[in-house]
Amino acid sequence: MTPAPLSSVTIVIVTYESADVIEGCLESIARHAASCRTLVVDNASRDDTRARASRFDFAHVLEMPGNEGFSCANNRGLREVTTEFALVLNPDARLTETTLPGLLAAAARSRDGAAFGPLTQHEDGRPQVSFGPDLGLLSEFAQRRLVTGVKSGNPAAIARWTALSATERRVDWISGSCMLLRIESLRAVGGFDERYFLYEEDADLCLRLRLAGYAVVFTPEARVIHALGTTMAKMSGRAREAYDRSHRLYYRLHRNALERFALEAMLFAKSLGRR
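Residues numbered from 1 in each chain as written. Predicted model: local features only at pLDDT ≥ 70, side-chain atom pairs only at ≥ 80, totals over all residues. Heavy atoms only, no water.

1. Remarks on the overall build of the protein chain
Within the protein chain one finds 11 helices and 11 strands. Taken over the C-alpha trace, the protein chain has a radius of gyration of 18 Å; the compact-globule value for 275 residues is 19 Å, and the two agree within 12%. By its C-alpha atoms, the protein chain is 50 × 45 × 40 Å across when sized along the principal axes. Looking at the protein chain residue by residue over its 275 residues, the buried ones come to 53%. Contacts in the protein chain between residues far apart in sequence, at least 24 positions, make up 78% of those at least 6 positions apart. About 12500 Å² of surface is accessible on the protein chain, with carbon and sulfur atoms providing 54% of the total. Averaging the coordinates of the 35 positive side-chain charges in the protein chain and doing the same for the 33 negative ones gives two points 4 Å apart. (Helix = DSSP H or I, 4+ residues; strand = E, 2+ residues; numbered from the N terminus. Rg over C-alpha atoms; globule rule 2.2 N^0.38 Å. Buried < 20%, exposed > 50% of the residue type's maximum accessible area, 1.4 Å probe, protein only. Contact = heavy atoms within 4.5 Å. Areas by Shrake-Rupley, 256 points an atom, 1.4 Å probe, with all protein chains shown as cover. Lys, Arg positive; Asp, Glu negative; His and termini not counted. Charge placed at Lys NZ, Arg CZ, Asp CG, Glu CD.)

Shown next as structure tokens:
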């Protein structure tokens, strides 16, 4: 089946204090997706993020009244989408010539697919782990080992990740740093859950899409560059607190009582280690 054109995609970028990265993101859109409508939803940044984004004629800036979080701001932008697809994109991510063509080709091959994720890399080509299994105590332990190993360049972890990401496949979740969404399917499940301020909203959305009968697809045919960790670096302790809150929420919504108890014990032990 012929892939949909780039003009069938609206790009939604949520920003917060993103002045140092937003221009690079928008420049990549100008090079590789100029026909796409682009919405920048700013979470009340105190720097000049909005001014920098406004320099790009194709970027429409929507201002949130305060820092409402990733899910809420994304939903604000997604409500404006009238195209068949939306690309949720982090401001510290940059499109390549393969990103949207590859994702749209995957969407054409998978008519029941609702969310599509690319191969995610650092600027120097090092891989990032951008999909995985549903969150749970055992799966998260294995995933954390994989992520840590890939980040440190461990040969066994790199080999494992290379094998996992070599071919297009259906997965449990894909990273919200770059996620192509079929709008009809997204709206059928109500969009992002706004109880998540930051983190785990992508895993939650993918789970709800799959429970509704849709597929979540990873394709290495599409590639994106992502400056991983810039949000965490800016927010520091606040980001860690948001991560823990999101973890608790995900487990409360989707895991059993035993796993919720075990998670609380782990988070308590982790908090003691920070003191």
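2. As for unusual backbone geometry
A positive phi angle is found at Glu 17, which is not glycine, with a value near 50 degrees. The buried category is assigned to Glu 17, whose relative accessible area is 18%.

3. Thoughts on the nonpolar core
Counting 50 residues, the largest nonpolar core has Leu 78, Ile 174, Met 179, Leu 181 and Leu 205 as the members making the most contacts within it. Those residues in contact with Leu 78 that sit more than four places away from it in its chain are Val 12, Ala 86, Val 88, Ile 183, Leu 186, Arg 187 and Phe 192. Ile 11, Leu 87, Leu 95 and Leu 103 belong to the second largest nonpolar core, which has 30 residues in total. (Core = buried A, V, L, I, M, F, W, Y, C linked by side-chain atoms within 4.5 Å.)

4. Looking at the layout of surface pockets
Reported here for the second largest pocket is a volume of approximately 340 Å³. Lining the second largest pocket are 15 residues, with Ala 142, Gln 143, Leu 146, Arg 160 and Leu 164 sitting closest to its centre. Secondary structure elements with two or more residues in the lining of the second largest pocket: β7 (131-132), α5 (137-152) and α6 (155-164). Counting residues per element, the lining of the second largest pocket draws most heavily on α5, which supplies five residues. (1 Å grid on protein atoms, 1.4 Å probe; cavity = no way out; pocket = protein on both sides within 12 Å on 5 of 7 lines; lining within 4 Å. Points joined across faces, edges and corners; volume = space filled by probe spheres on them.)

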